[in-house]
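# Understanding the architecture of this molecule
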Amino acid sequence: MSQTEDRARFLAAYDQNLRTDAETPSALKVTQHGPLRLVTFMKGRGFVTYQDLGDVDSSSVRRLVAEATAYYVAEPGINRVEWKTRGHDHAPGLHQALLESGFVQDEPESIMIGEAMALSAPVPLPDGVSLRQVADEADVRAMSAMQDEVFGEPVSDEMADALLRRLSLGDGMQLWVAEAEGQMVSAGRLEPVPGTSFAGIWGGATREEWRGRGIYRALTARRAQAALELGKTLIHSDSTEFSRPILERSGLLKVSTTTPYRWVRD
């Protein structure tokens, strides 16, 4: 099968299987509004997604954006919202409608999909580096703090609290870290999607001084092995331009793009 055929097959599976409740496993609440899924997460975070918008025109898109924005404005506990767009959607005028409603465009990412088997070949680790799965609170908080630092964000409890809540649900999520010289130097999570062949790899972060040594590729391979152990045959990820080439070398294909738009309450 050609790469073009693989891309079409992967993208169809993505739209059918991953743009559902599978996309928001840690949601506190999901409200259906027409084609939109208006999601509430912990710590005042809103999220808008959908499987598709149907045969809409620009006026319908503008109305949906305005109604979704009004929904969150009326929820005093919500302080920020992400609207997740996809490059292959039929959504005329969406970019402008989001800007008019106070959203700000973030950097686009690549939607990457591939066979778990292609990613699972073991990658040699540098001397002194080891991988392990973590689950206890101290490790989860240390992992989350390291990721905040790598992504240039203030260290906060928000992600750690969300990950600990997910672990308490026992939904199959796994957290993996690479360690060297007594510290965590790389980390990422695996999220098997119930009822599908998919598992997601998310949150990949490596300390700058440890990059370029194959650690992230090894961590990705180990998560792919864990996915296969769980019976998952496809891997998906939203990838930055830093990690996209690594995933492509491991056999994943870029099937589309996703661009977040963010709204913050004044």
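These lines cover the structure that appears in this document, whether it is placed above or below. This is a predicted model, so every value here is computed, not measured.

Scanning the protein from terminus to terminus reveals eight helices and twelve strands. Dimensions of the protein, computed from C-alpha atoms along their principal axes, come out at roughly 60 × 45 × 30 Å. Within the protein, the proportion of its 266 residues that are buried is 48%. Restricting to contacts in the protein with at least 6 residues of sequence separation, those with at least 24 account for 73%. Just so you have it, the protein exposes about 12400 Å², and 50% of that area is on carbon and sulfur atoms. For the protein, the distance from the average position of its 29 positive side-chain charges to the average position of its 38 negative side-chain charges is 1 Å.

Time to look at the side chain of arginine 189. Looking at the secondary structure, you find arginine 189 in strand β9 (residues 183-192). Separated by 2.6 Å, the side chains of arginine 189 and glutamate 191 make a polar contact.

Under the definition given, this model contains 26 salt bridges. Glutamate 23 is the salt-bridge partner of arginine 86, the closest N and O atoms lying 2.6 Å from each other. Of the two residues, arginine 86 sits in strand β4 (residues 80-86) while glutamate 23 sits in the loop between α1 (3-17) and β1 (29-33), which places them 63 residues apart along the sequence. Linked by salt bridges that have partners in common, Lys43, Glu137, Arg141, Asp157 and Asp161 make up one network.

Buried residues dominate strand β6 (residues 109-115), accounting for five of its seven residues. As defined by bridge partners, β6 adjoins strand β11 (residues 234-239) across six bridges and the pair is classed as antiparallel. Paired with methionine 112 across the two strands is serine 237, which belongs to β11.

The next point concerns the side chain of arginine 37. Secondary-structure assignment places arginine 37 in strand β2 (residues 36-41). One polar contact links arginine 37 to aspartate 21, side chain to side chain, over a distance of 2.5 Å. In this view, arginine 37 contacts Thr20, Asp21, Glu23, Thr24, Val30, Thr31, Gln32, Phe47, Val48 and Thr49; residues no more than four positions away in its chain are not counted.

So, on to the pairing of strand β10 (residues 198-206). In terms of burial, β10 is largely enclosed, as seven of its nine residues are buried. Judged from the six bridges that link them, β9 and β10 form a sheet pairing that is antiparallel. For glutamate 191, the partnering residue across the bridge sits in β10 and is glycine 200. Hairpin connection from β9 to β10: five residues lie between these consecutive antiparallel strands, with glycine 195 at a positive phi of about 75 degrees. Handedness of the β-α-β unit built from β10, helix α7 (residues 215-229) and β11 comes out right-handed.

If you look at the biggest cluster of nonpolar residues, it comprises 22 residues, and the most contacted ones within it are Leu36, Trp83 and Leu94. When residues of this core are traced back to their parent elements, those giving at least two are β2, α2 (58-73), β4, α3 (94-100) and β12 (253-264). Sorting elements by how many residues they give to this core places α2 first, with six residues.

Now for the environment of alanine 8. One can find alanine 8 in helix α1. For alanine 8 and valine 255, which are 247 residues apart along the polypeptide, the C-alpha to C-alpha distance reads 7.6 Å.

This part takes up unusual backbone geometry. The phi dihedral of lysine 43 is positive, around 60 degrees, even though this residue is not glycine. Structurally, the position occupied by lysine 43 is in the loop between β2 and β3 (45-49). Assessed through its relative accessible area of 43%, lysine 43 is described here as partly exposed. Positive phi, normally seen in glycine, also occurs at glutamate 181, with a value near 55 degrees.

Turning our eyes to something else, we now look at the packing of aromatic side chains. Two aromatic rings are characterised by how far apart their centres lie and by the angle between their planes. One pass over the full model with this rule turns up four aromatic pairs. Ring centres of tyrosine 71 and tyrosine 72 lie 5.0 Å apart, and the angle between their planes is 85 degrees; this geometry places the pair in the edge-to-face category. Owing to a relative accessible area of 2%, tyrosine 72 belongs among the buried residues under this scheme. Within the aromatic cluster, the residues linked to one another by ring pairs are Tyr50, Trp83 and Phe103.

Quick notes on the rules
Residues numbered from 1 in each chain as written. Predicted model: local features only at pLDDT ≥ 70, side-chain atom pairs only at ≥ 80, totals over all residues. Heavy atoms only, no water. Helix = DSSP H or I, 4+ residues; strand = E, 2+ residues; numbered from the N terminus. Buried < 20%, exposed > 50% of the residue type's maximum accessible area, 1.4 Å probe, protein only. Contact = heavy atoms within 4.5 Å. Areas by Shrake-Rupley, 256 points an atom, 1.4 Å probe, with all protein chains shown as cover. Lys, Arg positive; Asp, Glu negative; His and termini not counted. Charge placed at Lys NZ, Arg CZ, Asp CG, Glu CD. Polar contact = N/O pair within 3.5 Å; in protein donor to acceptor, adjacent residues only side chain to side chain. Salt bridge = Lys/Arg side-chain N within 4 Å of Asp/Glu carboxyl O. Pairing = 2+ DSSP bridges. Right-handed = clockwise from strand over helix to strand, strands pointing away. Core = buried A, V, L, I, M, F, W, Y, C linked by side-chain atoms within 4.5 Å. Phe/Tyr/Trp six-rings, centres within 6.5 Å; stacked < 30°, edge-to-face > 60°.

In short, shape yes, function no, at least from these values alone.
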